[in-house]
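Topology and contacts: notes
The lines below spell out each chain.
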Amino acid sequence: MANPAKDDYSHVMVMDAAEEQSRPAPWPAVEPGRIIPGHPQELGRERARIWALVLDARSVPCCLEQPSPSYWELHVPPEYLDKACTEISLYEKKNLGWPPPLPPPRPLVENTLSTLSILILLATFYNIVRLDLLLPGGISPDWIETGSAQAARILNGEWWRTITSLTLHRDVAHLLGNLAIGGVFVFLLCREVGSGLAWTLILASGSLGNLVNALVQPAGHNSVGASTAVFGTVGILAALNMVRYRHHLQKRWGLPVAAALALLTLLGTEGKTTDLGAHFFGFVSGVLLGLLAEQIISRRGFPGAVLNALLALSASLIVLISWLAAVVAG
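Residues numbered from 1 in each chain as written. Predicted model: local features only at pLDDT ≥ 70, side-chain atom pairs only at ≥ 80, totals over all residues. Heavy atoms only, no water.

Helix and strand counts for the protein stand at 15 helices and 2 strands. Within the protein, the proportion of its 330 residues that are buried is 40%. Residue pairs in contact within the protein that sit at least 24 positions apart in sequence constitute 72% of those at least 6 positions apart. Summed over all atoms, the accessible surface of the protein reaches about 19300 Å², with 64% contributed by carbon and sulfur. (Helix = DSSP H or I, 4+ residues; strand = E, 2+ residues; numbered from the N terminus. Buried < 20%, exposed > 50% of the residue type's maximum accessible area, 1.4 Å probe, protein only. Contact = heavy atoms within 4.5 Å. Areas by Shrake-Rupley, 256 points an atom, 1.4 Å probe, with all protein chains shown as cover.)

Next up, the structure:
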């Protein structure tokens, strides 16, 4: 209440003094150096917003001010200053070093020539199949009948069909589609892990996908084509990236696999003769093998040149032995 005064000017001055005494004290700013020793006193926008969210979550009143275009200040009531510093310090200690730095870039393996050679070999085999050549002993096999993925015959013990069917194609369009689309993913995987390991994983995912497909399809189901292995390659790449960047993806850790599934839906469901089951199970097999491969690589490192060469040789021998078994059995 204002005291009486002799004139209006004195009366106003007394009123201003009373209001000044009743006005709350200004909120002090949280000093960054008190939270993080050695931290510059100027608080950046991003860190200021994070600290404000921390205090808001802990029911500590606060407000942000920008006294300069280059820095921000976080203000709290005087009675909350100690609590605010404690809460922010606990947050900083808990999140020290987070997020972790990105994994170092892996050296890409130069294997363009070897990858293209195998793709060309696949195209060459397609032409050989069409020539009806006589094998030693006067054998002239029906390649499609001998090597296709017939579900009933696979389950009856003709395991080689899960592999030989990957090298067969119905027509030129089928072959070119797999070479054009699959070649891109195969090339990327070979550069990522090396040709030997890459082709071993691709062959394993394709044959495993054909086996599972035979288990769930009717007995008369029959299919050919490398697309099972192609989508296995997509699954392998997705799994490698999901595991390698899981800390940075955080709650979006499944994003690489989700993107690969979208690709499977886009490219693997078209056409009347498309074997959806083979594509899907090839993809799932690739994901599982990719997860396993990335765990081994992270612990033991990439295979060296000798091991990669042995893996490539083993994959080639498996295909050759499978066809020998098919021709003998046929």
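Two elements in contact, helix H3 (residues 45-57) and helix H4 (residues 81-94), have axes separated by 10 Å at closest approach and are oriented at 115 degrees. Judged by the angle between their axes, H3 and H4 are roughly perpendicular. Once H3 is placed against H4, the crossing between them reads as right-handed. For the pair formed by H3 and H4, the contact residues are Arg47, Ile50, Trp51, Val54 and Leu55 on the first element and Ala84, Glu87, Ile88, Tyr91 and Glu92 on the second. (Axes fitted to C-alpha atoms, helices over the stretch in contact; angles between N-to-C directions. Parallel < 35°, antiparallel > 145°, perpendicular 65-115°, else oblique. Left-handed = near helix turned anticlockwise from the far one by under 90°.)

For the pair helix H11 (residues 227-244) and helix H14 (residues 276-300), interaxial distance at closest approach is 6 Å and the crossing angle is 35 degrees. Crossing handedness for the pair H11 and H14: right-handed. For the pair H11 and H14, contact is made by Ser227, Thr228, Phe231, Gly232, Val234, Gly235, Ile236, Ala239, Leu240, Met242, Val243 and Arg244 and by Ala278, His279, Gly282, Phe283, Gly286, Val287, Gly290, Leu291, Glu294 and Gln295, respectively. Broken down by class, the residue content of the contact of H11 with H14 amounts to 11 nonpolar, 9 polar and 2 charged. (Nonpolar A, V, L, I, M, F, W, Y, C, P; charged D, E, K, R; others polar.)

Let's shift gears to the pairing of strand E2 (residues 71-75). Of the strand pairs in this sheet, strand E1 (residues 63-68) and E2 are connected by 4 bridges, and their pairing is antiparallel. Its bridge partner lying in E2, Leu64 is registered against Leu74. In this structure, the hairpin formed by E1 and E2 is closed by a connection of 2 residues. (Pairing = 2+ DSSP bridges.)

With respect to the secondary-structure elements, Leu311 resides in helix H15 (residues 305-329). With 111 residues separating them along the chain, Leu311 and Thr200 place their C-alpha atoms 6.5 Å apart.

Taking 1.5 Å as the rise per residue, H11 with 18 residues should run 26 Å; its terminal C-alpha atoms sit 26 Å apart, in good agreement. By the criterion of burial, H11 is predominantly enclosed, with 17 of the 18 residues buried. (Expected span 1.5 Å × (residues − 1).)

All chains considered together, the criterion is met by 5 salt bridges. In this structure, Arg58 engages Glu87 in a salt bridge whose closest nitrogen and oxygen atoms are separated by 3.3 Å. Taken together, the residues span a long stretch of sequence, with Arg58 in the loop between H3 and E1 and Glu87 in helix H4 at a distance of 29 residues. One salt bridge in this structure joins Glu158 and Arg153, with 3.4 Å as the shortest N-O distance. A relative accessible area of 17% means that Glu158 is categorised as buried. Note on Arg153: relative accessible area 30%, which makes it partly exposed. Bridged by salt links that share partners, the residues Glu145, Arg153, Glu158 and Arg161 form one connected network. (Salt bridge = Lys/Arg side-chain N within 4 Å of Asp/Glu carboxyl O.)

It is worth spelling out a nonpolar patch on the surface at this point. A contiguous nonpolar patch, built from Trp159, Val306, Leu307, Leu310, Leu313, Leu317, Leu320, Ile321 and Leu324 and spanning about 880 Å² of accessible area, is present on the exposed surface. Structurally, the position occupied by Leu317 is in helix H15. (Patch = residues over 30% accessible without salt bridge, like charges linked within 9 Å, V, L, I, M, F, W, Y side chains within 5 Å.)

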